[in-house]
Amino acid sequence: MSKGNPSERLEDDLNRAKARGRWLSDDEQAELDREADAVAIQVEAKQKRDRKLMILAGVCLLIPPLWPVALGLTLFLLYPETMARIGLAAAITFLVGGLLLAGVLGLVMVWLIQLLF
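Residues numbered from 1 in each chain as written. Predicted model: local features only at pLDDT ≥ 70, side-chain atom pairs only at ≥ 80, totals over all residues. Heavy atoms only, no water.

A.B. asks: Would you mind showing me how to read the environment of I92 here?
C.D. replies: Tracing the chain through its elements places I92 in helix 4 (residues 80-116). With a relative accessible area of 49%, I92 lands in the partly exposed category. (Helix = DSSP H or I, 4+ residues; strand = E, 2+ residues; numbered from the N terminus. Buried < 20%, exposed > 50% of the residue type's maximum accessible area, 1.4 Å probe, protein only.)

This is the structure:
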């Protein structure tokens, strides 16, 4: 909502009413304003996070052993949804693989103990 003089505010209200096809009650307008504020806060938080990740990727580019981390950060910045899915799939794969490996190693240990005794 504009903070100008009352005639500008009324004109803005009239334009919004024309765009929606009806006048909004004060409660409806307040709800729309809250939703717009929430979206603006989310966008600002995403931009702030992306800025931090870009700085971190730049620092990782300066240190050669961290080049794979820089690549991962760059891919995450370019394709956030895809990389999140790939990360979830990798985490599940490593978890299941670790559990299977622990089970196999446990069975091998039991077999070796039985073999020795």
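Text resumes after the structure shown.
A.B. asks: Just to check I follow, could you spell out the nonpolar core for this structure?
C.D. replies: Burial of nonpolar side chains together is a common tendency in soluble globular proteins. Ranked by size, the top nonpolar core spans 5 residues in total: L53, A57, C60, A70 and L73. Looking at this core, the elements that each hand over two or more residues are helix 2 (26-62) and helix 3 (67-78). The dominant element in this core, judged by the number of residues it contributes, is helix 2, at 3 residues. Those residues within four positions of L73 in sequence are excluded, and the remaining contacts are L53, L56, A57 and C60. (Core = buried A, V, L, I, M, F, W, Y, C linked by side-chain atoms within 4.5 Å. Contact = heavy atoms within 4.5 Å.)

A.B. asks: Is there a simple way to explain the packing of helix 2 against helix 3 in this structure?
C.D. replies: How two helices pack is summed up by the angle between their axes together with the distance between the axes. The geometry of helix 2 relative to helix 3 is characterised by a closest axis approach of 8 Å and an angle of 155° between their N-to-C directions. Judged by the angle between their axes, helix 2 and helix 3 are roughly antiparallel. Considering only the axes of helix 2 and helix 3, their crossing is left-handed. Side by side, helix 2 and helix 3 meet where R49, D50, L53, M54, L56, A57, C60 and L61 of the first sit next to W67, V69, A70, L73, T74, F76 and L77 of the second. (Axes fitted to C-alpha atoms, helices over the stretch in contact; angles between N-to-C directions. Parallel < 35°, antiparallel > 145°, perpendicular 65-115°, else oblique. Left-handed = near helix turned anticlockwise from the far one by under 90°.)

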